[in-house]
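Letter by letter, the chains look like this.
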Amino acid sequence: MSRILLKNAHYFSTDGTAKQGDIAIENDIILSVGESVAEDWTPDRTIECKDKFVIPGFINTHTHAAMGLFRSYADDMLLMDWLQKKIWPIEGKMESDDFYWGTMLGIAEMIQSGTTMFADMYMGMERVAEAVEETGIRAVIARGMAGVAPTAESALVNSEYLYNTYHGAADGRLRVMLGPHAPYTCPPDYLKRVVALSEKLGAEIHIHLAETQGEVNDCLKLYGKTPMALMDEVGLLDRGLKISTFLEKLQSLI
Ligand SMILES: [Zn+2]
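Source: prediction; values computed, not measured.

Remarks on the sheet that holds strand β2 (residues 18–26)
Move 1: Taken in spatial order, the 4 strands make up an open sheet running β3-β2-β1-β4, and their pairing is mixed. Lying at the two open borders of the sheet, with one neighbouring strand each, are β3 (29–33) and β4 (45–48). Within this sheet the neighbouring strands show an average axis-to-axis angle of 30°, counted without direction.
Move 2: Bridge count between strand β1 (residues 3–12) and β4: 4 bridges; the pairing is parallel. Bridge pairing in β4 links L5 to T46.

Side note on the packing of aromatic side chains
Each aromatic ring pair is summarised here by two numbers: the centre-to-centre distance and the angle between the ring planes.
Move 1: Within the structure shown, the criterion is met by 4 aromatic pairs.
Move 2: Note on F12 and F53: the rings are 5.1 Å apart at their centroids and 55° apart in plane angle, and the pair reads as tilted. Remark: F53 occurs in the loop between β4 and β5 (58–63) and F12 occurs in strand β1; sequence separation between them is 41 residues.
Move 3: Classification of F12 as exposed rests on a relative accessible area of 55%.
Move 4: Taking relative accessible area as the criterion, F53 reaches 42% and is therefore assigned partly exposed.
Move 5: Ring geometry for Y100 and W101: centres 4.8 Å apart, planes at 80°, overall edge-to-face.
Move 6: Using a relative accessible area of 53% as the deciding quantity, one classes W101 as exposed.

Some details on the side chain of R173
Move 1: Among the structural elements, R173 can be located in the loop between α4 (152–166) and β8 (174–180).
Move 2: The side chain of R173 is buried and forms no salt bridge, while D171, the nearest opposite charge, is found at 5.4 Å.

Considering the packing of helix α3 (residues 125–135) against α4
Move 1: At their nearest, the axes of α3 and α4 sit 11 Å apart, and the two run at 20° to each other. The angle between the axes of α3 and α4 places the two elements in the roughly parallel class. Crossing geometry of α3 relative to α4 is assigned as right-handed. In this structure, α3 contributes M125, E126, A129 and E133 to the contact, and α4 contributes N158, Y161, L162 and Y166.
Move 2: Across the contact of α3 with α4, the residue classes break down as 5 nonpolar, 1 polar and 2 charged.

Some remarks on the side chain of T63
Move 1: Along the polypeptide, T63 turns up in strand β5.
Move 2: What makes T63 buried here is its relative accessible area of 8%.
Move 3: A polar contact is formed between the side chain of T63 and the side chain of D120, at a distance of 2.6 Å.
Move 4: Setting aside its immediate chain neighbours within four residues, T63 contacts F118, A119, D120 and M121.

Section: the coordination of the zinc ion
Move 1: In the first shell of the zinc ion, the protein supplies H62 (NE2), H64 (NE2) and H208 (NE2), at 2.0 to 2.1 Å from the metal.
Move 2: On the primary sequence, the residues serving as donors to the zinc ion are separated as H-x1-H-x143-H. On the criterion of sequence distance, the pair formed by H64 in the loop between β5 and α1 (79–91) and H208 in the loop between α5 (188–201) and α6 (213–223) is long-range, its members being 144 residues apart.
Move 3: Taking relative accessible area as the criterion, H208 reaches 9% and is therefore assigned buried.

Some details on the environment of I90
Move 1: One can find I90 in helix α1.
Move 2: Along the sequence, I90 and L178 sit 88 residues apart, while their C-alpha atoms lie 23 Å from each other.
Move 3: In contact with I90, other than residues within four places in its own chain, are F70 and Y73.

The rules behind these values
Residues numbered from 1 in each chain as written. Predicted model: local features only at pLDDT ≥ 70, side-chain atom pairs only at ≥ 80, totals over all residues. Heavy atoms only, no water. Pairing = 2+ DSSP bridges. Helix = DSSP H or I, 4+ residues; strand = E, 2+ residues; numbered from the N terminus. Axes fitted to C-alpha atoms, helices over the stretch in contact; angles between N-to-C directions. Phe/Tyr/Trp six-rings, centres within 6.5 Å; stacked < 30°, edge-to-face > 60°. Buried < 20%, exposed > 50% of the residue type's maximum accessible area, 1.4 Å probe, protein only. Lys, Arg positive; Asp, Glu negative; His and termini not counted. Salt bridge = Lys/Arg side-chain N within 4 Å of Asp/Glu carboxyl O. Parallel < 35°, antiparallel > 145°, perpendicular 65-115°, else oblique. Left-handed = near helix turned anticlockwise from the far one by under 90°. Contact = heavy atoms within 4.5 Å. Nonpolar A, V, L, I, M, F, W, Y, C, P; charged D, E, K, R; others polar. Polar contact = N/O pair within 3.5 Å; in protein donor to acceptor, adjacent residues only side chain to side chain. Donors = N, O, S within 2.8 Å, 3.2 Å for Na, K, Ca; no water.

Such coordinate-based values are descriptive only and should not be taken to indicate function.
Put into structure tokens, the structure is as follows:
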């Protein structure tokens, strides 16, 4: 049992106006906002909030949390130069503990700045899940998959394992999606296999899409379609990728 009282907090009420009052929380339930609680309800902890505004937690909808370890390693570069010359080579040297501690650092920074949920696409996701379980944050994790990489097949196997092992774990704080990296690293045939796996598992998909003008130009040249039209053709947009569906889903998780 945990009882917290946010004393004299500023908040937006349901009529859209800013108000000030006490907020009582018991375990993971908000008992009351701006109303007095029962006389025999005693908080374990009281936080004075007269100079604070209380809001729902922020949601970071796209992270590679462990990449915080590369902060300032390579800045102000074009995306493809940055990936090919700097990031992919150093990522190849990452070890299991790097994924765990890099994610722990990212989670600490997120919690400190009010982010209570993040959608992460990366590698070493078993260690990412461990960090999520230990810290109490919520996360939707996806193993980044590249159809052109030597790990193309093992990434599919690992993604299925992650879904079966972690989807709904940590008291429901952890969810799992499939994470094909991008159209320029995942050819259409590979994406179709991701879609098939997504349908089989009931998993949704997290992908980078139309990040640069160069990607759009290359996609038009190779397939005669924009990245978005290509994703529609291979069936990806029906796997939770439409922004409206994604936002609805996030809302339901808050
Ligand atoms: Zn990204």
